[in-house]
Amino acid sequence: MARDLDAYLRQEVKSTPFCPGCGHGILMNIILRAIADMELDMKNILFVSGIGCAAWIPSPHFNGDTLHTLHGRAIAFATGAKMANPKLKVIVISGDGDLTSIGGNHLIHAARRNTNLTVICANNMIYGMTGGQVASTSPLGTITATTGEGNPYRPFDLCRLVLGAGAEYAARFSVTQPLVLMAAIKKALGMEDFTFIEALSPCPTQFGRRNKADSSVQMLKALMQDCITREQAKGMDKDLLKTKIITGEFHHE
Amino acid sequence: MNDTMEVQSALAPGSYFFTGNEAAAEGAIAAGCRYYAGYPITPSSEIMERMAQRLKEVDGVFMQMEDEIASICSVVGASWSGSKAMTATSGPGFSLMQEALGYGVFTETPLVLVDIQRAGPCTGQATKVGSGDLMQAKWGSHGDYQIIALSPWSVQEMYDQTIEAFNLSEQYRVPVFVMADEAVGHLRERMDISPLVQTRNRYKKSGAAPFGTEENDGVPPMPSFGEGESITVTGSTHNEFGVRKTDDPAVHERLVGRINNKILNHRENIIQSEAYSLDDAEVIVVAYGFTARSAFFAVDQLRKSGKKVGLLRLKTIWPFADGLINRIGKLGKKLFVPEMNSGQVYGEIRKYAGCEVIPYHQTNGRIIHPKDIIAHIERII
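Predicted model, so just to flag it, every value in this text is computed and none were measured.

Asker: Outline the overall build of chain A, supporting the account with residue identities and numerical values.
Answerer: Regarding its fold elements, chain A presents nine helices and eight strands. Taken over the C-alpha trace, chain A has a radius of gyration of 17 Å; the compact-globule value for 253 residues is 18 Å, and the two agree within 12%. For chain A, the spread of C-alpha atoms along the three principal axes comes to 50 × 40 × 35 Å. Residue pairs in contact within chain A that sit at least 24 positions apart in sequence constitute 64% of those at least 6 positions apart.

See the structure below:
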């Protein structure tokens, strides 16, 4: 069913800046649909982002208040805005490099404090805007502009990271799983806690072309094959499991 | 255009025996500060400790953040949520904050930063005094911009200038720094609190452009998050409504021009100074901060022994008092500039004075003693 999301977008800036095949446009759509479903008032939502492709998902497109900040610092800005006006619904939308590498300290401390923020991390596993350098989320062996022979380091498991730091709720889904991703965002937005959504989003331009998946269709298909549920992971061959991404909801225990 | 308001003092009027750091915190509360974020650092931590206590009493928000970067970023966020907000720090923390201070300047965010300067560079001597952050205050972040920096010489002025810093930051929508020396921060002396405090609140106009005015030196109205204005704020170059324009030379030139002009063209209203015994002086000491106390004592002693010496005390460091120094220089006297750094303000004075300017630098972590100033002036007079 087609839905009119015009009211949720700033009318004077309609075109998005994303490359063909980028998953961020899908994520943009999913976030706004979640907000529309919940009938949240855009006038009461502040969207905070850092620097990078994903930081342009809300800014300046979303028709609420938007704060496009410095590289890595979105959560710190968001903390001040939320604490000074607790009535605001504050949603942080930014990329994996921004939130978890340069901004990693702010991420774990906001989770520790249980600051009432929903952080949506668009994870494309690479630095896209700067030309495809390795990220703290790039899988082992990934070819990037700075790891020509493959990434020698393990990536962060972002959901385990924030849960370990105290987050009440974390979920990981791909933009190829739009309905469950949207449900997870709605759940997070409905909570009064620090909540974290890792949204896997393909980057054919920087990630795909270096890693033998240079069409957007190929990348989307690969994500659909690689993303499995915890139930599907049970009993799976260990070597096969290493190539998979376990998606689902993760609660603080 | 701004709303000025006289409010009741937060503390009962009367005399108090405060340290400079305590007085800065009280000045903040009196000015209407309701958000503080900081990270522990010597010799400024007492400001944070007092704010933690006082903000509770006035229903404000206190946050001890994970580092100085988070502190200043959250202060910017809180300011856009409508709070008067501040942080305090010292050299190493001030260094960490520079990128976000540039963000504060470019997004025209009112905020106050109190820098209790210690002996640098680097970790330096954390508990010792210095005035080495003045050029950093002006040039620490990248690009061309202006800020306002004040220089208090007493506990009273820590209170008064912190209030003034909030008022200036609201009036000009710019980060304002109170550049105190450690010796002023830790000085304990009598100060007076008057019953009423002059405050200034930011100018709001619904629907108006938050990042542009007709005048090339104007200060636009500032809405807050949650007011239904659909504000878009960015540290990228933006048009008058805050929409990114990273490929338009005219927009960039206009914005950079205005954020500089709104301070520079109002220099005469911003800059404050005090003059003592200038009329027949053959040597004029130009000093600021704690060093001006030593200079004041030295000038007084020299006058008693018949020497024609005067003092010009700079209460504002940035924007620099270029016109004032130029006028003083034309009097044809010698200027003597004692500083607890390697001549940071001396260089500015030399630029504009047009007369002989004699520097006196001390970077040993100690205050400049009046007897040293007396000895040097006796040699040049």
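That shown, we press on.
Asker: I'd like to hear about the overall build of chain B, residue by residue, with values.
Answerer: A tally of regular secondary structure across chain B gives 13 helices and 18 strands. The C-alpha radius of gyration of chain B comes to 21 Å, within 12% of the 21 Å expected for a compact globule of 381 residues. A principal-axis box enclosing the C-alpha atoms of chain B has dimensions of 65 × 45 × 40 Å. Split into buried and exposed, the 381 residues of chain B put 55% on the buried side.

Asker: Requested: an account of helix H3 (residues 68-80) of chain B, with residues and values cited.
Answerer: Residues and elements named next belong to chain B. In a regular helix each residue adds 1.5 Å, so 13 residues correspond to 18 Å; H3 covers 19 Å between its end C-alpha atoms and thus fits that length. The buried fraction of H3 is high, at 13 of 13 residues. Backbone geometry just after H3 places Gly 82 at a positive phi near 105°.

Asker: Explain the sheet that holds strand E15 (residues 309-314) of chain B to me, using residue names and the numbers behind them.
Answerer: Residues and elements named next belong to chain B. Overall, mixed pairing links the five strands, which are arranged E13-E15-E14-E17-E18 in an open sheet. Both edges of this open sheet fall to strand E13 (273-276) and strand E18 (357-361), since each of them pairs with a single strand only. Taken over all neighbouring pairs, the strand axes of this sheet differ in orientation by 20° on average, direction set aside. Bridging between E13 and E15 involves four bridges; their strand directions are antiparallel. Bridge pairing links Glu 274 to Arg 313 in E15. Strands strand E14 (283-287), E15, strand E17 (334-339) and E18 of the sheet are contacted by helix H13 (residues 370-380), whose axis makes an angle of about 155° with E17.

Asker: Can you lay out the sheet that holds strand E3 (residues 89-95) of chain A for me, pointing to particular residues and giving the numbers?
Answerer: With respect to topology, nine strands assemble into an open sheet ordered E7(A)-E8(A)-E5(A)-E6(A)-E4(A)-E3(A)-E1(A)-E2(A)-E12(B), the strand pairing being mixed. The sheet is open, and its two borders are formed by strand E7 (227-229) of chain A together with strand E12 (232-234) of chain B, each paired with just one other strand. Along the sheet, successive strands turn relative to each other by an average axial angle of 20°, direction set aside. Here helix H6 (residues 178-189) of chain A sits on the sheet in contact with strand E4 (118-123), strand E5 (169-174), strand E6 (195-200) and strand E8 (245-251) of chain A, set at roughly 160° to E5 of chain A.

Asker: Would you mind going over the domain arrangement of chain B in detail, with residue names and values included?
Answerer: All names here are of chain B. Here chain B is described as being made up of domain 1 (3-201) and domain 2 (272-380). The straight-line distance from the C-alpha centre of domain 1 to that of domain 2 is 26 Å. Taken together, the contacts link 24 residues of domain 1 with 22 residues of domain 2. Within the residue set of the side of domain 1 that touches domain 2, elements represented by two or more residues are strand E7 (125-129), helix H5 (134-139), strand E8 (148-150), strand E9 (175-181) and helix H7 (182-185). Here the element with the most residues in the side of domain 1 that touches domain 2 is H5; it accounts for four residues. Here the side of domain 1 that touches domain 2 is built from residues that sort into 15 nonpolar, six polar and three charged.

Asker: Can you lay out the interface of chain A and chain B for me, pointing to particular residues and giving the numbers?
Answerer: Contacts between the two partners involve 30 residues from chain A, matched on the other side by 35 residues from chain B. Ranked by the residues each element gives to the side of chain A that touches chain B, the list is headed by helix H2 (residues 74-84) of chain A, at eight residues. Here the side of chain A that touches chain B is composed, by residue class, of 12 nonpolar, 13 polar and five charged. Relative to E12 of chain B, strand E2 (residues 65-68) of chain A runs parallel, the two sharing three bridges. Counted as the bridge partner of His 68 of chain A is Thr 234 of chain B from E12 of chain B.

Asker: Can you lay out the packing of helix H1 (residues 20-31) of chain B against helix H2 (residues 45-57) of chain B for me, pointing to particular residues and giving the numbers?
Answerer: Residue and element names in this part refer to chain B. The interhelical angle for the contact between H1 and H2, taken along N-to-C directions, is 40°, at an axis separation of 8 Å. The orientation of H1 with respect to H2, classified from their angle, is oblique. Handedness of the H1/H2 crossing: right-handed. For the pair H1 and H2, contact is made by Asn 21, Glu 22, Ala 24, Ala 25, Ala 28 and Ile 29 and by Glu 46, Ile 47, Arg 50, Met 51 and Arg 54, respectively. A class-by-class count of the residues in the contact of H1 with H2 yields six nonpolar, one polar and four charged.

Asker: A description of helix H6 (residues 155-172) of chain B should follow, citing residues and the corresponding values.
Answerer: All names here are of chain B. A rise of 1.5 Å per residue sets the reference length of H6, with its 18 residues, at 26 Å; its end C-alpha atoms lie 25 Å apart and thus fit the reference within 8%. Extensive coverage of H6 is indicated by the burial of 17 of its 18 residues. Looking at the residues trailing H6, positive phi occurs at Arg 173, about 50°.

Asker: An account of the environment of Thr 142 of chain A is requested, with residue identities and associated values reported.
Answerer: Residues and elements named next belong to chain A. Note on placement: Thr 142 falls in the loop between E4 and helix H5 (158-165). A residue is classified by how many C-beta atoms lie within 10 Å of it, and Thr 142, with 20 of them, is buried. The spatial distance from the C-alpha of Thr 142 to the C-alpha of Glu 168 is 31 Å, given a sequence separation of 26 residues. Residues contacting Thr 142, with those up to four places away along its chain left out, are Met 125, Val 134, Thr 147, Gly 150, Asn 151 and Asn 211.

Parameters and conventions
- Residues numbered from 1 in each chain as written.
- Chains lettered and ligands numbered in written order.
- Predicted model: local features only at pLDDT ≥ 70, side-chain atom pairs only at ≥ 80, totals over all residues.
- Helix = DSSP H or I, 4+ residues; strand = E, 2+ residues; numbered from the N terminus.
- Rg over C-alpha atoms; globule rule 2.2 N^0.38 Å.
- Contact = placed C-beta atoms within 7 Å.
- Buried ≥ 20, exposed ≤ 12 C-beta atoms within 10 Å, placed from the backbone.
- Expected span 1.5 Å × (residues − 1).
- Pairing = 2+ DSSP bridges.
- Axes fitted to C-alpha atoms, helices over the stretch in contact; angles between N-to-C directions.
- Domains from an automatic or database assignment.
- Nonpolar A, V, L, I, M, F, W, Y, C, P; charged D, E, K, R; others polar.
- Parallel < 35°, antiparallel > 145°, perpendicular 65-115°, else oblique.
- Left-handed = near helix turned anticlockwise from the far one by under 90°.

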